[in-house]
Every structure is written in structure tokens, then in C-alpha cells.
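Okay, here's what each chain looks like letter by letter:
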Amino acid sequence: MSAIPDPTYALTASGNLRRRQAISRGFVAATIAAATLAVAVLIMLVYYAAKQGVSQLSVHFLTATLPPGSPGASGGIGPALAGTAEMVLMATIIALPVGVLTALYLAEFASPRVGKVVQTGLEQMAGLPTIIIGMFIYGLVTLHFGQSAIAGALALSIVEVPLIGRASLEAIRRVPGSLREAADALGVARWRTVVGVILPTASNGIVTATILAVARAAGETAPVLLNSNPSTLGYQFNPLQAVPNVPVEILTLLNLGYPSAVAKAWGAAFVLIVAILAINIGARVWLRRSERKRGL
Amino acid sequence: MSLSDSSLVGAGSVAAGTEAAPGSEGAAGAAAAGGQAAAEQTAGVRPRVRLSERIAAGQPATAPSVNRTAAVERQVVFQSRNVSVDYGEKRAIDSVTMDINRNYATALIGPSGCGKTTFLRCLNRMNDSIPGFSLGGELLYHGHDLYDARANRVEVRRRIGMVFQKPNPFPKSIYDNIAWAARNLGMRDGMDERVERALRGAALWDEVKDRLKSSAMGLSGGQQQRLCIARSIAIEPDVLLLDEPASALDPIATALIEDLIHELKARYTIVIVTHNMQQAMRVADKTAFFSLDESRIGTLIEYDDTDKLFSRPADSRTRDYITGQFG
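Note that the coordinates shown come from a computational prediction; the quantities given were computed from them, not determined experimentally. (Residues numbered from 1 in each chain as written. Chains lettered and ligands numbered in written order. Predicted model: local features only at pLDDT ≥ 70, side-chain atom pairs only at ≥ 80, totals over all residues.)

Here we come to the interface of chain A and chain B. By a widespread convention, an interface's size corresponds to the accessible area lost as its parts come together. The interface is formed by 16 residues belonging to chain A together with 21 residues belonging to chain B. Looking at the side of chain A that touches chain B, the elements that each hand over two or more residues are α7 (177-185) and α8 (190-219) of chain A. Counted by class, the side of chain A that touches chain B contains seven nonpolar, five polar and four charged residues. (Contact = placed C-beta atoms within 7 Å. Helix = DSSP H or I, 4+ residues; strand = E, 2+ residues; numbered from the N terminus. Nonpolar A, V, L, I, M, F, W, Y, C, P; charged D, E, K, R; others polar.)

Here we take up the environment of B:Ala230. Residues and elements named next belong to chain B. One can find Ala 230 in helix α10 (residues 221-234). Given 27 C-beta atoms within 10 Å, Ala 230 falls into the buried group. Ala 230 sits 29 residues away from Gly 201 along the chain, and the two C-alpha atoms are 6.7 Å apart. Setting aside residues no more than four positions away along its own chain, Ala 230 makes contact with Ile 178, Ala 198, Leu 199, Gly 201, Ala 202 and Leu 204. (Buried ≥ 20, exposed ≤ 12 C-beta atoms within 10 Å, placed from the backbone.)

What follows concerns the nonpolar core. In terms of nonpolar packing, the biggest core is built from 132 residues, with B:Ala230 and B:Ile272 touching the most fellow members. Counting residues in hydrophobic clusters, the runner-up holds 13 residues, among them A:Ala265, A:Ala268, A:Phe270 and A:Val271. (Core = buried A, V, L, I, M, F, W, Y, C linked by C-beta atoms within 7 Å.)

Looking now at the packing of α10(B) against helix α11 (residues 251-264) of chain B. All names here are of chain B. Contact pair α10 / α11: the axes reach a minimum separation of 9 Å and the direction vectors enclose 20°. Between α10 and α11, the crossing angle belongs to the class labelled roughly parallel. Relative to α11, α10 is oriented so that their crossing is right-handed. Between α10, through Gly 221, Gly 222, Gln 225, Arg 226 and Ile 229, and α11, the contact on the second element is made entirely by Ala 253, Leu 256, Ile 257 and Leu 260. Its residues assigned to classes, the contact of α10 with α11 comprises five nonpolar, three polar and one charged. (Axes fitted to C-alpha atoms, helices over the stretch in contact; angles between N-to-C directions. Parallel < 35°, antiparallel > 145°, perpendicular 65-115°, else oblique. Left-handed = near helix turned anticlockwise from the far one by under 90°.)

Residue and element names in this part refer to chain A. Here chain A is described as being made up of domain 1 (22-54) and domain 2 (57-294). Taking only C-alpha atoms, the centre of domain 1 and the centre of domain 2 are 28 Å apart. Counting residues at the interface gives six residues for domain 1, matched by six residues for domain 2. (Domains from an automatic or database assignment.)

Let's shift gears to the sheet that holds strand β8 (residues 269-273) of chain B. Backbone hydrogen bonds are what pair the strands of a sheet, in a parallel or an antiparallel way. All names here are of chain B. What the 10 strands build is an open sheet, ordered β5-β4-β1-β2-β10-β9-β3-β8-β7-β6; its pairing is mixed. On the outer flanks of this sheet lie β5 (144-145) and β6 (160-163), each paired with one strand and no other. Across the sheet, α10 lies against β6 and β7 (239-243), angled at about 175° from β6, the strand it touches most. (Pairing = 2+ DSSP bridges.)

Below, the discussion takes up the packing of helix α8 (residues 191-201) of chain B against α10(B). Residues and elements named next belong to chain B. Where α8 contacts α10, the two axes come as close as 8 Å, and the packing angle between them is 130°. The angle between the axes of α8 and α10 places the two elements in the oblique class. In this structure, the crossing between α8 and α10 has a hand that is right-handed. Note on element contacts: α10 touches α8 through Ala 230, Ile 233 and Ala 234, opposite Arg 194, Val 195, Ala 198, Leu 199 and Gly 201. Across the contact of α8 with α10, the residue classes break down as six nonpolar, one polar and one charged.

Quick look at the structure:
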């Protein structure tokens, strides 16, 4: 059969079209399968954590202290939740200004060459293995001053800075250049423009970035393992002392090995997963809605 | 920071002395326009009758020639001396020499890519941030070199405002759009009055006075553009640069903007880039025709009173363009 079809022939598949269509369908099917697998893993993970952990859920579990001596036999993860909240809060207080100012520097002030170097650095920082971040702070701080919530927070802030920085950069770059021109044409100095126009316009993206970074830091284990891993499991808020936290407590409970401790670990894992998913989804929904409201 | 007219006039030595000489119709003009002029100018009464006033009085736009030649005595705001602009290796405009007069609307017309917007943006140094930009020749503003090393470009733009092709209100309330720059410049007193004055000046007050706190993004395109004009005049600049301010607007909104230009030039010097020749005829006292020269570099072809440029162009390229035989 010639390559050029007879124009009067019926419009059914001819030539190698049947084969090409089969390949196309196979390719589409492969992408669908991969996407399904990815989502399925998440669903299975949440389902398994829920199945194992949901039975633990109670006000007592969320607030009580694990008894010393026989942790895991009874009690709850109250101190760990409080400690995680405290460290993440401190980490965010450190990381938010550093991340946002870095993004502002890159978007507004850096020369192209320096900007490229800094941005590459930020991207590499996002890819750093978190155990190395933990070791770094351990060597720099913990080795000299002992474990503390501050040391843990410092390590977590290193996790957060590139997340906040990169997402803020994107948000700041989405601010239309016409707004910068408008502000320039009004004889307003650049930093005023940044504070008065650019940051407010990008604030949705920056807030979302921060919330996502909080969610990520809350679940990080390696950065806090070496820097805030207390021997006592009671409530502890002094930032100069090691404070209990959820990821490390999960590890501790699993290491104990007996069934009630493992069950408590699953309970804590479920709480952590639900909290992170809720924060993530909430932040994205909020961003979408408020951006639409502003007509961006 | 004092920005009264008198300080700017005092600085502009080129303009000094030309002001007092009364034209032949000076006495009558002073009687007619004196009250208004005295109210709006601290620099003294100018006995010249403006084109807009003549139009308002029902007189033909083609005024007696004695009136138009008097324009050479008008105070000069911008003096462009052989200005050229390069973007890196590429020369965008070459040898532009023209004077732009005070309280005139001056139109820059010409085909796309002829450098009229580039030239406009040179006037308040908006091109500075473009990589590779460099300016040759001399560009004086009231006798001061705009590109002098000591000239601060934030200060330049504070005196020479700009309205852009696409309306670009800030994503803030209508009120804050206008108050923001004024507040940053230290003009804190009487902000409500300042906002109202600016909105009235831009013929927008009646449409927005009941929703000053709502977002400027909810305004129509024409309203947004008038808001941008209000925002510019709220800080009381000396000059307004308009870069095709009506090209994104419908004919009704365009007419509103054009009426506005007639009113604004009583207080401000206006330079407007437009693609629309009818618009230039309607709003401009003087018109500059830019085009590409033999080596495809934008340059000033002809600059004259608007009615003369459109009725008796001196250059054949101008004639071809305005009669639609360009290119």
C-alpha cells in the first residue's frame, strides 16, 4: 500500500495507523499507571497509619505524658507535640526572615551573575540530606552547649530556609513588573516599593511557603535526633534544654519494641500525618482562594 | 522637600526672562486668564492664552500665527540636545534635538519601533534599569542635566510622573493607591483632601467616592487608567509623561482621558506618546514625528505646532505617514 491514501477510500484506519494508535494508547496507559501508583502509595500509607494508630486517639493520648521507666505502656504524646510545636515555631522565626530576604535579594537586587550563584546555592540547600544538617548543628552547637530546643530549631531552620526562599522567590517574581514601574514612576525609593507593594502582593505565596515549610519541619527526624533527644519524656519548654518531639518519640517508641509502645508510635505517626496533610491542603486551598480574590 | 514652581523656575536659567515679555494680545489674555493662572502658578501670571482655553472659548484651533509663534518664548522644561540611546550594541534612537514647553501637551507620534516610547522613558529615567542602556547627547530638565552623576533618579521621577500603556493600579484600595506614594514622600497632612483632589483632577471622584476602600482591581480599564493618572498627580509632579495612555481603552474612556489631558496641561507639562494621529491632533499643542532613518534607527523627523505639522508638514516622510502612505 502506498504511503499516500486514496482520498476516496472510507475513513477507517489505514497504513500503520493501527500500530501507531496502539503505541499511543500503551504510552497513555503507562503514565496513568504511574500516577495511580503514586497516589495509591499515599493512600495506603495514610490508611495503614490510620488503621494502626486511630485506636490510640483520645484526648488523653494527645495530652498525657509517657510514664518514665516503662514508656509506651500507657500515657500519651502531649509533651512531644508541645516540643515539636515549640521547635518549629523557633525554627520558623529564624527561617522566615532569612528566606524572604534572600528571595527579595534574588528577585529585586542581585546582579544576574551573583543571583545565579545564590539561587543555585539555595537549590542545593534544599537537597541537603537532613542527617547532614543534624550533624552540622551537632558539631557546631550541641557539642559545645549540649542538646537543646534551640539547637534542634537551628537545624530545622536550615531545612526551612530553602523551602521558604524558593517559594517566596516564585511569589515575588509573579508580582507584575508593571507594578514596580508604577512605583518607580512615583518617585518612591526601591525599599519602600518592596515593603509597600511587592511584599503585600506576594504575601499569599510567602505565607503559603511558610506554612508548607512548617509542615515539613514538623516531620523532620534527623535534624532533631542529635540535637534535641531528651532522656526524660515529660513536658519541657525551656529552650536551653532538649525537648521531646514527635518524630524522635516515634523512633524511641518503635525501638522499645513491645506491642503497646509500637501501637503508641503508630498513634503518634497518624497524628503527625494528619496534621501535616491538613496544614498542606489548607495552605494550598487558602492560597488559591485568596489569589483568585485579588484577581492574580 | 520644597517643590514649588518657583524653585524649579529659579533653577532653570534657560527659561528665566522669557516669561515677562507680553505678546500682542497679552493684556486681554491676562485679563481673561489671570485669575486662574495666579491661583495655580506661584511663579507669576503668564499672559499667554492657551490652546485649550481657545478651544473652550469656541475659537478655532488654528489660531492666529502670532499666537503660535509666541510659543518659542514659552518656558522650556526639557531640552534634548542630540540625544541618542543605545541598548548594548544596538542604537535605538539617534540625534533627537527638541525643546518641550511648559504647560503644553506635546505628542510624540510615529510608527512602531521608532523610539518614541524610548525617548519618553528617557525623560524620567525609566530606562535606567534596562541592561545595556546608555544615553548620549544632553537631556536637560529646567536646565539641569537629567543624567548628571549627581542627579538622583528617584528625585527625577518624583518630579516627572508617568502613566503607562496598560493601567497598572496597585492591588490595594482605591484610596491607598493614591495615598501610598504621597505618604512615602512625607505628604501626610490632609490626606483625605489630597486623595479627593487627585481623584477630582482625574475626573474619577464621582464614580468612586462611595467605594474608596474597595480594591482598585475592581474598576474598569478606563477607570483604572484614570486612577493611575490620579495617583501620579496626587504627588504634585511638574511633568506628566503618558505612554499611549488610551491604547487599551474603548472610545468613551479614551475621550474622557483626552478631556482630562486638556485640563491637566493647565497645571502640568504633558508629554504623550500615541499611535493615534487623531488623538495627537485633538490633545497636543506641539507634535513630534519620529521615524526610522536609512539605517533603521529611530530619530526625530519633524517637530512643530500640531496644526502645522498635520496641515503643512515640512518633511515628505511626515506627509507620507500622516496621509497613510507610510512604508
